[in-house]
2 protein chains.
Amino acid sequence: MVMKVGTMTKKQSQSGTIESVASALEKAIHEHRLPPGSKLGEDDLAEIYGVSRTQIRAALQALSHLKLVEHKRNRGAFVAQPTLREAREVFEARALLEPRTAHSAAARCTPEDVEKLRAHIEAEHAALAAGDNGRALHLSGLFHIEIARIADQETIAAFIAQLVSRSSLIIALYWRRRMAMCESHAHDALIAALAAHDGPQAEELMKSHLLDLVSSLDLRNQLSAPGSLREALT
Amino acid sequence: MVMKVGTMTKKQSQSGTIESVASALEKAIHEHRLPPGSKLGEDDLAEIYGVSRTQIRAALQALSHLKLVEHKRNRGAFVAQPTLREAREVFEARALLEPRTAHSAAARCTPEDVEKLRAHIEAEHAALAAGDNGRALHLSGLFHIEIARIADQETIAAFIAQLVSRSSLIIALYWRRRMAMCESHAHDALIAALAAHDGPQAEELMKSHLLDLVSSLDLRNQLSAPGSLREALT
DNA sequence: GAATGCAAGATTGCATACAATCCTGTCGAC
DNA sequence: GTCGACAGGATTGTATGCAATCTTGCATTC
């Protein structure tokens, strides 16, 4: 049935197995191949990746610290289902961090950085054209993380990376239909501002980009949250 | 020699042992009883806390994700030694997060919150008077985290909590002698602004408070960093 | 006498085995 | 007929044992 996907991965990374397992899971979650609420059984994962339960547990624990999976006692690990409140908080945190980080990035942005960002956008467009919405979303997230890296702020970049990952879950849960990621425009404009070293412009563009993103979600009531079931059936 | 400190802790918390071990270690690091670079041997900790190595490993892994301990392959876990660059980044991140969080907190601050903060300060003063510098520092950190909680932002509060913990390590490494935490003044003023719901004032006070903190450190060159040895002896 | 190679001890990395807990389907009683 | 109790199966939590790796002290050689 399920091929042992992990065999190659295992050999390639020698003893960084738990990181490769964690990033593989993270990517799958990012690309919405593992929707929120999915059960992540330890035995299943151990067989899929060809490693022992010990390493699976470590990987799940790592993702749990990133708030990507939730651990229920004696029940196991599940892909996290951010609450409405959590969703709002994540985007408030992004609004606090990302605009000024983009500002800093504009000052330090090198031509190579611009090239890298353009490559990202191109890959995003390609994925979108191929109908691979999940991959496009993943690349769109990497774009934001790359900007934080350009700003030369590893610490803040790590925070933003976590927030972007969680945003992916939030989008999966609270997405308001249609609107096939027209944000590419916003990303194009951002690149232009960064390339021109226009800090204030980059900051403003990032701020409005995030506002657009939030407004494309439905964070008013739990209209679409399939998480609780209790509240879904009252 | 070493008394089995963990016995009581073990029984009290039933199966939350890894959390109690982690928080005990975190507190010890916070209070500078475990200086940066300290070896954290698994067997030693297992005996001290009266639990198995498995749980020690989990606790160390958790602290590693908070950047409080560093894991060296086949060498074990050590209390982290933030680099100069990391130190600067931590305080830049705090400067980005905390002032505006204080602003939000001012709007939501209730009389009970004010009471709680005052109790914190009082305990801090008491610890300082008792000569327990480490505990005073710990409480001073909790003060900042409490403000983030008042702002009703769990996500940002978690980030700030991590940054405060790392700040404690940075202070241990890059502390410029004298100046026995005169920041109590700053905390008093902050409480006043919060109680008066004066958002802009709270924001400004927090910003200058953090600047004061940074200026009390020595982040220009690695004059006092005992971490690298390679760079210390060139 | 100094440097290199080697071996023993110690410590972490990993996997497996066992115990505890939970879910679910079935049987029995009211 | 429905509700409650119980047992079987499955899954996670935890501990222990073995293998891999690093450190360090010692012996041997130049």
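Our subject is the structure that appears above.
The structure displayed is predicted, hence computed values, not measured ones. Counting starts from 1 at the beginning of each chain's written sequence and moves along it residue by residue. Chain letters and ligand numbers both follow the written order, the letters beginning at A and the numbers at 1. Where totals are concerned, whole chains, interfaces and linings use all residues; where local detail is concerned, this predicted model gives features only for residues with pLDDT of at least 70, and gives and counts side-chain atom pairs only at 80 or more. To obtain the side-chain values, all non-hydrogen atoms of the structure were used and water was disregarded.

Topic: helix H4 (residues 53–65) of chain A
Residues and elements named next belong to chain A.
Here is step 1: Note on conventions: DSSP H or I runs of at least 4 residues are helices, E runs of at least 2 residues are strands, and numbering of each starts at the N terminus. Helix span is expected to be 1.5 Å times the residue number reduced by one. Taking 1.5 Å as the rise per residue, H4 with 13 residues should run 18 Å; its terminal C-alpha atoms sit 18 Å apart, in good agreement.
Here is step 2: Only protein chains enter the accessibility calculation, which uses a 1.4 Å probe. A residue is then buried if its area is under 20% of the maximum for its type, exposed if over 50%, and partly exposed in between. If you check which residues of H4 are buried, you get Ile56, Ala58, Ala59, Leu60, Gln61, Ala62 and Leu63.
Here is step 3: Directly beyond the C-terminal end of H4, a positive phi value near 65° is found at Lys67.

Digging into the protein's contact with DNA strand D
Here is step 1: Note on definitions. A residue lies near a molecule or strand when any single heavy atom of the residue is within 4 Å of it. Around DNA strand D, 16 residues are found, and the nearest of them are Arg53 and Arg57 of chain A together with Ser52, Thr54 and Arg75 of chain B.
Here is step 2: Counted by atom, the contact set of DNA strand D within 4 Å of the protein is 71% sugar and phosphate.
Here is step 3: Contact between DNA strand D and Arg53 of chain A: a base nitrogen at 3.0 Å from a side-chain N or O atom of the residue.
Here is step 4: N or O atoms within 3.5 Å of each other form a polar contact, as long as, within protein, one can give a hydrogen and the other can take it, and as long as residues adjacent in sequence are counted only when both atoms are side-chain atoms. Take Arg57 of chain A: an N or O atom from its side chain is 2.9 Å from a phosphate oxygen of DNA strand D.
Here is step 5: Residue assignment for the surface near DNA strand D shows that the elements contributing at least two residues are H4 of chain A together with helix H4 (53–65) of chain B.
Here is step 6: Here the surface near DNA strand D gets three residues from one element, more than from any other, and that element is H4 of chain B.
Here is step 7: Each residue is assigned to one of three groups, with Ala, Val, Leu, Ile, Met, Phe, Trp, Tyr, Cys and Pro labelled nonpolar, Asp, Glu, Lys and Arg labelled charged, and all others, Gly among them, labelled polar. By residue class, the composition of the surface near DNA strand D is no nonpolar, eight polar and eight charged.

Here we look at the relation of the copies chain B and chain A
Related by rotation about an axis and a shift along that axis, the two copies of the chain form a pair.
Here is step 1: Least squares is the method for superposing the copies, and the C-alpha atoms it fits come from residues with pLDDT of at least 70 in both. Each copy of the sequence occupies a distinct position, and chain B is placed on chain A by a rotation of 180° and an axial shift of 0.1 Å, giving an RMSD of 0.1 Å. Within this description, the copies of the chain are treated as partners about a two-fold rotation axis.
Here is step 2: A contact between two residues is defined here by any heavy atoms of the two lying within 4.5 Å. The residues that chain B uses at the interface reappear at the interface of chain A in 100% of cases, marking a shared surface.

Some remarks on unusual backbone geometry
Residues and elements named next belong to chain A.
Here is step 1: We note that His197 has phi near 55°; this positive angle belongs to a residue other than glycine.
Here is step 2: On the secondary structure map, His197 appears in the loop between helix H9 (184–195) and helix H10 (199–215).
Here is step 3: When its relative accessible area of 45% is taken as the criterion, His197 is described as partly exposed.

Let's talk about the nonpolar core
Here is step 1: Side-chain atoms within 4.5 Å are what join buried Ala, Val, Leu, Ile, Met, Phe, Trp, Tyr and Cys residues into a set we call a nonpolar core. Within the largest apolar cluster, 48 residues are counted, with the highest numbers of intra-cluster contacts made by Leu97, Ile170 and Tyr174 of chain A together with Leu97, Ile170 and Tyr174 of chain B.
Here is step 2: Mapped onto this core, the elements with two or more residues apiece are helix H5 (84–108), helix H7 (133–150) and helix H8 (154–174) of chain A together with helix H5 (84–108), helix H7 (133–150) and helix H8 (154–174) of chain B.

A short note on the side chain of Thr155 of chain B
Here is step 1: By the secondary structure assignment, Thr155 of chain B is in helix H8.
Here is step 2: By relative accessible area, Thr155 of chain B is classed as buried at 5%.
Here is step 3: If near-sequence neighbours (up to four positions away) are discounted, Thr155 of chain B is found in contact with Glu89, Val90, Ala93, Leu163 and Arg166 of chain A.

A look at the protein's contact with DNA strand C
Here is step 1: Residues in contact with DNA strand C amount to 16 residues; listed here are only the nearest, Ser52, Thr54, Gln55 and Asn74 of chain A together with Arg57 of chain B.
Here is step 2: For DNA strand C, the fraction of protein-proximal atoms (within 4 Å) that sit in sugar or phosphate groups is 73%.
Here is step 3: Here Arg75 of chain A contributes a side-chain N or O atom positioned 3.3 Å from a phosphate oxygen of DNA strand C.
Here is step 4: Separating a phosphate oxygen of DNA strand C from a side-chain N or O atom of Arg57 of chain B is a distance of 2.9 Å.

Focus: the interface of chain B and chain A
Here is step 1: Listed per partner, the contact involves 25 residues of chain B and 25 residues of chain A.
Here is step 2: The buried area of a pairing is the accessible area, by a 1.4 Å probe, that goes missing from both parts when the two are put together, added over both. With both sides pooled, the region where chain B packs onto chain A buries about 2,200 Å², and carbon together with sulfur makes up 52% of that total.
Here is step 3: Whenever Lys or Arg places a side-chain nitrogen within 4 Å of a carboxyl oxygen from Asp or Glu, that contact is recorded as a salt bridge. Our enumeration of links across chain B and chain A arrives at two salt bridges.
Here is step 4: Note that Asp152 of chain A is salt-bridged to Arg85 of chain B, the shortest N-O span being 3.1 Å.

Focus on helix H2 (residues 17–30) of chain A
Note: α-helices contain 3.6 residues per turn, so residues at a spacing of three or four share the same orientation.
Residue and element names in this part refer to chain A.
Here is step 1: The terminal C-alpha atoms of H2, which comprises 14 residues, lie 20 Å apart, in line with the 20 Å expected from a rise of 1.5 Å per residue.
Here is step 2: Looking only at H2, the buried set comprises Thr17, Ser20, Val21, Ala22, Leu25, Ala28, Ile29 and His30.
Here is step 3: Downstream of H2 by a residue or two, His32 has a phi angle that is positive, lying close to 65°.

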